[in-house]
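# Residue-level structure breakdown
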Amino acid sequence: IEDVLDRPEMEGIDVYYGTDMADIIKDDYTSLLKNAAVTLLLVFGTVLFFVGLKEGLIATASIPLAFLITFFILEKLGLSLNFMTNFSMVLTLGIAIDVTIVIIEAAAEYARVGYKPRNAVLLAIRDYSKPLMAGTATTLVVFVPMMVLPGIIGKFLAYIPITVFTTLIAALFLALTVNTTLYFRLSKDK
């Protein structure tokens, strides 16, 4: 900026910095990262307690993967990380982890009754993919009206449905593909 102000046509123009938000934003994201780590530990502990170690590891790994996909899509859409996107990801955290827990727990249950891991995964996908897709779709439908709100408020609030859509679809995709594959690879034939 100093170089621009040194030009003759800029004579008499001064720049004053009101507030530098960089440190505040950096502190907010550091806090968010710490809270995310605690959340992952809590998710892992909860799934470990109720389901098992392998399932807890797979469910815990799916959250960062879903958010990574969300970050990638948001960047491709030209959307920034802001309060609305962060709020939306926190909002979808429980729903996103739920689809993984349901499909992995179903596969684990089929394995417990004697199916080989491959068959257990395939049965879980067959029996639970449609209900999980329907559940995700009903959640997404609720956010559709927010995408068509008019004016500046509509543009501001559009971050929420876009982020929710991306995160939940990514979580569903991971639950039905990557997570079930991980479960199969980590399971042993009995």
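First, a word on what this report is: a plain description of the structure on this page. (Residues numbered from 1 in each chain as written. Predicted model: local features only at pLDDT ≥ 70, side-chain atom pairs only at ≥ 80, totals over all residues. Heavy atoms only, no water.)

Now for a negative patch on the surface. Taken together, Asp20, Asp23, Asp27 and Asp28 make up a surface patch of like negative charges. Relative to the assigned elements, Asp28 resides in helix H2 (residues 22-50). (Patch = residues over 30% accessible without salt bridge, like charges linked within 9 Å, V, L, I, M, F, W, Y side chains within 5 Å. Areas by Shrake-Rupley, 256 points an atom, 1.4 Å probe, with all protein chains shown as cover. Salt bridge = Lys/Arg side-chain N within 4 Å of Asp/Glu carboxyl O. Lys, Arg positive; Asp, Glu negative; His and termini not counted. Charge placed at Lys NZ, Arg CZ, Asp CG, Glu CD. Helix = DSSP H or I, 4+ residues; strand = E, 2+ residues; numbered from the N terminus.)

The final tally for this structure, using the stated rule, is three salt bridges. Taking the shortest distance from any N to any O, the salt bridge between Glu109 and Arg112 comes out at 3.1 Å. Separated by three residues within a single helix, Glu109 and Arg112 lie in helix H4 (residues 83-112), roughly one turn from each other. Residue classification places Glu109 among the partly exposed residues on the basis of a relative accessible area of 37%. (Buried < 20%, exposed > 50% of the residue type's maximum accessible area, 1.4 Å probe, protein only.)

With their axes 8 Å apart at the nearest point, H4 and helix H7 (residues 159-176) run at an angle of 20 degrees to one another. As far as their axial angle goes, H7 and H4 are roughly parallel. The way H4 lies across H7 gives a crossing that is right-handed. In this structure, H4 uses Met84, Thr85, Phe87, Ser88, Met89, Leu91, Thr92, Ile95, Ala96, Val99, Thr100 and Ile103 to contact H7, whose residues at the interface are Tyr159, Ile160, Thr163, Val164, Thr167, Leu168, Ala171, Leu172, Ala175 and Leu176. Residues of the contact of H4 with H7, tallied by class, amount to 16 nonpolar, six polar and no charged. (Axes fitted to C-alpha atoms, helices over the stretch in contact; angles between N-to-C directions. Parallel < 35°, antiparallel > 145°, perpendicular 65-115°, else oblique. Left-handed = near helix turned anticlockwise from the far one by under 90°. Contact = heavy atoms within 4.5 Å. Nonpolar A, V, L, I, M, F, W, Y, C, P; charged D, E, K, R; others polar.)

The subject of this paragraph is the packing of H2 against H4. Axis separation between H2 and H4 bottoms out at 13 Å; the angle between their running directions is 20 degrees. Here H4 runs roughly parallel to H2, going by the angle between their axes. Relative to H4, the crossing made by H2 is right-handed. Contact residues: H2 offers Tyr29, Leu32, Thr39, Val43 and Val47, while H4 offers Asn86, Leu93, Ile97 and Ile101. Residue classes in the contact of H2 with H4 are distributed as seven nonpolar, two polar and no charged.

Within the secondary structure, Pro145 sits in helix H5 (residues 117-147). Taking the C-alpha atoms as reference points, Pro145 and Phe173, separated by 28 residues in sequence, lie 24 Å from one another.

Residues Leu65, Leu68, Phe71, Leu81, Phe173, Val178, Leu182 and Leu186 make up a contiguous nonpolar surface patch of roughly 680 Å² in combined accessible area. Within the residue set of the nonpolar patch, elements represented by two or more residues are helix H3 (53-76) and helix H8 (178-186). Structurally, Leu182 can be placed in helix H8. What makes Leu182 partly exposed here is its relative accessible area of 33%.

Turning our eyes to something else, we now look at the packing of aromatic side chains. This structure, assessed with the given rule, holds three aromatic pairs. Judged by centre distance (4.9 Å) and plane angle (85 degrees), the ring pair of Phe49 and Phe50 falls under edge-to-face. Note on Phe49: relative accessible area 67%, which makes it exposed. Seen in terms of ring centroids, Phe83 and Phe87 are 6.3 Å apart; in terms of plane orientation they differ by 15 degrees. Their pairing is stacked. Here Phe83 pairs with Phe87, and both are found in helix H4, just four residues apart, close to one helical turn. Judged by relative accessible area, Phe87 falls into the partly exposed class, the value being 39%. (Phe/Tyr/Trp six-rings, centres within 6.5 Å; stacked < 30°, edge-to-face > 60°.)

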